[in-house]
Amino acid sequence: GINALYTHQTEMFEKAGRGENTVITTSTASGKTLAFLLPVLQKILEDPLTRAIFVYPTKALASDQYRSLQPVYDGDTMPAERSRIRKSANIILTNPEMLNSAFLPNHSKYGFDFIFANLRYIVIDELHSYRGAFGAHLANIFRRMHRICQYYHSSPQFLCSSATIANPVELTKKVCGTAFSLIEKDGSPSPVREYRIIQPPEIKGHNDKVYGRYAASTVAADMLPDLVKEQRHFIAFGKSRRTVEVILKEARDKLDAAGFLSQADSRKIAGYRGGYTPLERKDDVRGTERTGVD
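First, a word on scope: everything that follows refers to the structure included in this document.

## Details of the overall build of the protein chain
Part 1: Scanning the protein chain from N- to C-terminus turns up 11 helices and 11 strands.
Part 2: The proportion of buried residues among the 294 residues of the protein chain is 41%.
Part 3: For the protein chain, restricting intrachain contacts to residue pairs at least 6 apart in sequence, the fraction spanning at least 24 positions comes to 66%.
Part 4: On the protein chain, roughly 17,000 Å² of surface is accessible, and the fraction owed to carbon and sulfur atoms is 52%.

## Quick notes on the nonpolar core
Across soluble globular proteins, you tend to see nonpolar side chains buried next to one another.
Part 1: Counting 32 residues, the largest nonpolar core has Phe103, Phe116, Ile124 and Phe142 as its most contacted members.
Part 2: Of all the secondary structure elements, the ones that give two or more residues to this core are strand E2 (51-55), helix H5 (96-103), helix H6 (112-117), strand E4 (119-124), helix H7 (132-151), strand E5 (157-161) and helix H8 (168-176).
Part 3: Not counting the four nearest positions on each side in its chain, Phe116 is found in contact with Phe103, Leu104, His107, Met145, Ile148, Cys149, Tyr152 and Ser154.
Part 4: One finds Ala52, Phe54, Tyr56 and Tyr121 within the second-largest nonpolar core, a separate group that totals 17 residues.

## Here's the deal with the layout of surface pockets
Part 1: In this model, the second largest pocket occupies a volume close to 940 Å³.
Part 2: Lining the second largest pocket we find 25 residues, and of these Arg196, Ile198, Met223, Leu227 and Phe234 sit closest to its centre.
Part 3: At the level of secondary structure, the elements contributing two or more residues to the lining of the second largest pocket comprise helix H9 (216-229), strand E9 (235-236) and helix H10 (241-258).
Part 4: When residues of the lining of the second largest pocket are assigned to their parent elements, the largest contribution, 7 residues, is made by H9.

## What to know about the packing of aromatic side chains
Both the distance between ring centres and the angle between the ring planes are used here to describe each pair of aromatic rings.
Part 1: Within this structure, the stated rule accounts for 7 aromatic pairs.
Part 2: Their ring planes at 50 degrees and their centres at 5.0 Å tell us that Tyr130 and Phe134 sit as a pair that is tilted.
Part 3: On the basis of relative accessibility, which here comes to 27%, the residue Phe134 falls in the partly exposed class.
Part 4: Three or more aromatic residues joined by ring pairs form one cluster here, namely Phe116, Tyr151 and Tyr152.
Part 5: Between the NZ or CZ atom of Arg86 and the centre of the ring of Phe112, over which it lies, the distance is 5.3 Å.

## Points about the side chain of Thr26
Part 1: You can see Thr26 is positioned in the loop between strand E1 (22-24) and helix H2 (32-46).
Part 2: Here the side chain of Thr26 touches Ser30 through a polar contact of 2.7 Å, side chain to side chain.
Part 3: With near-sequence residues (within four places) excluded, Thr26 lies in contact with His8, Lys32, Ser162, Ile183, Glu184, Lys185 and Asp186.

## Section: the pairing of strand E3 (residues 91-94)
Every regular strand shows the same layout, with side chains that alternate between the two sheet faces.
Part 1: In E3, alternate side chains face the same way, and those of Ile91 and Leu93 on one face and Ile92 and Thr94 on the other are all buried.
Part 2: Here E2 pairs with E3 via 4 bridges, running parallel. Bridging across to E3, Ile53 finds its partner in Ile92.

## Remarks on the packing of helix H1 (residues 7-17) against H2
Part 1: Across the interface, H1 lies against H2 with an axial gap of 8 Å and an inter-helix angle of 40 degrees. For the pair H1 and H2, the crossing hand works out as right-handed. Here H1 contributes Gln9, Met12, Phe13 and Ala16 to the contact with H2, which in turn contributes Leu34, Ala35, Phe36, Leu38, Pro39 and Gln42.
Part 2: Here the residues of the contact of H1 with H2 sort into 8 nonpolar, 2 polar and no charged.

## Topic: H10
Part 1: Given a rise of 1.5 Å per residue, 18 residues ought to cover 26 Å, and the 26 Å separating the end C-alpha atoms of H10 matches this to within 8%.
Part 2: Of the positions making up H10, those classed as buried are Val244, Ile247, Leu248, Ala251 and Leu255. The arc that holds every buried residue of H10, seen down its axis, measures 95 degrees, which confines them to one face. More than 90 degrees from the buried face of H10, the exposed residues found are Arg242, Lys249 and Ala257.

## Observations regarding a nonpolar patch on the surface
Part 1: On the surface, Ile203, Tyr211 and Tyr214 cluster together to form a nonpolar patch covering roughly 320 Å² of accessible area.
Part 2: Mapped onto the elements, Tyr211 comes out in strand E8 (residues 210-213).

Quick notes on the rules
- Residues numbered from 1 in each chain as written.
- Predicted model: local features only at pLDDT ≥ 70, side-chain atom pairs only at ≥ 80, totals over all residues.
- Heavy atoms only, no water.
- Helix = DSSP H or I, 4+ residues; strand = E, 2+ residues; numbered from the N terminus.
- Buried < 20%, exposed > 50% of the residue type's maximum accessible area, 1.4 Å probe, protein only.
- Contact = heavy atoms within 4.5 Å.
- Areas by Shrake-Rupley, 256 points an atom, 1.4 Å probe, with all protein chains shown as cover.
- Core = buried A, V, L, I, M, F, W, Y, C linked by side-chain atoms within 4.5 Å.
- 1 Å grid on protein atoms, 1.4 Å probe; cavity = no way out; pocket = protein on both sides within 12 Å on 5 of 7 lines; lining within 4 Å.
- Points joined across faces, edges and corners; volume = space filled by probe spheres on them.
- Phe/Tyr/Trp six-rings, centres within 6.5 Å; stacked < 30°, edge-to-face > 60°.
- Lys NZ or Arg CZ within 6 Å of the ring centre and 35° of its normal.
- Polar contact = N/O pair within 3.5 Å; in protein donor to acceptor, adjacent residues only side chain to side chain.
- Pairing = 2+ DSSP bridges.
- Axes fitted to C-alpha atoms, helices over the stretch in contact; angles between N-to-C directions.
- Left-handed = near helix turned anticlockwise from the far one by under 90°.
- Nonpolar A, V, L, I, M, F, W, Y, C, P; charged D, E, K, R; others polar.
- Expected span 1.5 Å × (residues − 1).
- Arc of directions from axis to C-beta.
- Patch = residues over 30% accessible without salt bridge, like charges linked within 9 Å, V, L, I, M, F, W, Y side chains within 5 Å.
- Salt bridge = Lys/Arg side-chain N within 4 Å of Asp/Glu carboxyl O.

Any functional reading would require information that these geometric values do not contain.
Here's what the structure looks like:
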């Protein structure tokens, strides 16, 4: 049903077709996934033996993509499913930990040799996540991967996407160990946006003495029920698992306490964080129309 591409998607397709390692940094919801997915699918249609590895920094992101791409190869994947993935999957979604613990040390066994021999693309989503020590670890993983690919006479092409950052080309070169071209001009339409900055109110005692400010999580828990009532979609980010759970519980409690007066369903607020069981994570990803707390 898609009869035209945005300009940045076309640019990505053309650069990838020329064999360039490319990083795209257009805005959120501009279609970056389609931009790096199209050239991979085109190559698979031309050569069904083509293999591609999509790397995501967290299981949550990989599971989100699972709704349109399968299969995922992570710690939750059953052994029988892992075997099927290695034998037949053209596109494998995984994370850096699995590359380090499963793919690279077993490159000559379990069908990984076939994957590396036919590996044409390495796609890295959310590249801006790989900073500091995490980025240094991934850079070392890709150094190992380069050596293994050379052993199997393959030279995979890198396609990366990132949030807007100051130095995407420099970061991709350091992480992936090769030169990149940049796509940053966004060709997607976007509505007029209104930005609001909220300062948590002060906590005052007697004689207007200020003792600090209310926590941002408290302010968020007060705001979210109103957003649900107004049928707005939102994502609230917390700095820790505990913060996410606190915001989620307090916001739901406020909606439940309002009862029939609010006419808003507290189940429309869903939590998503590390530490959930595989079943809980997958259930939340499959959840029906809900807003969320991340």
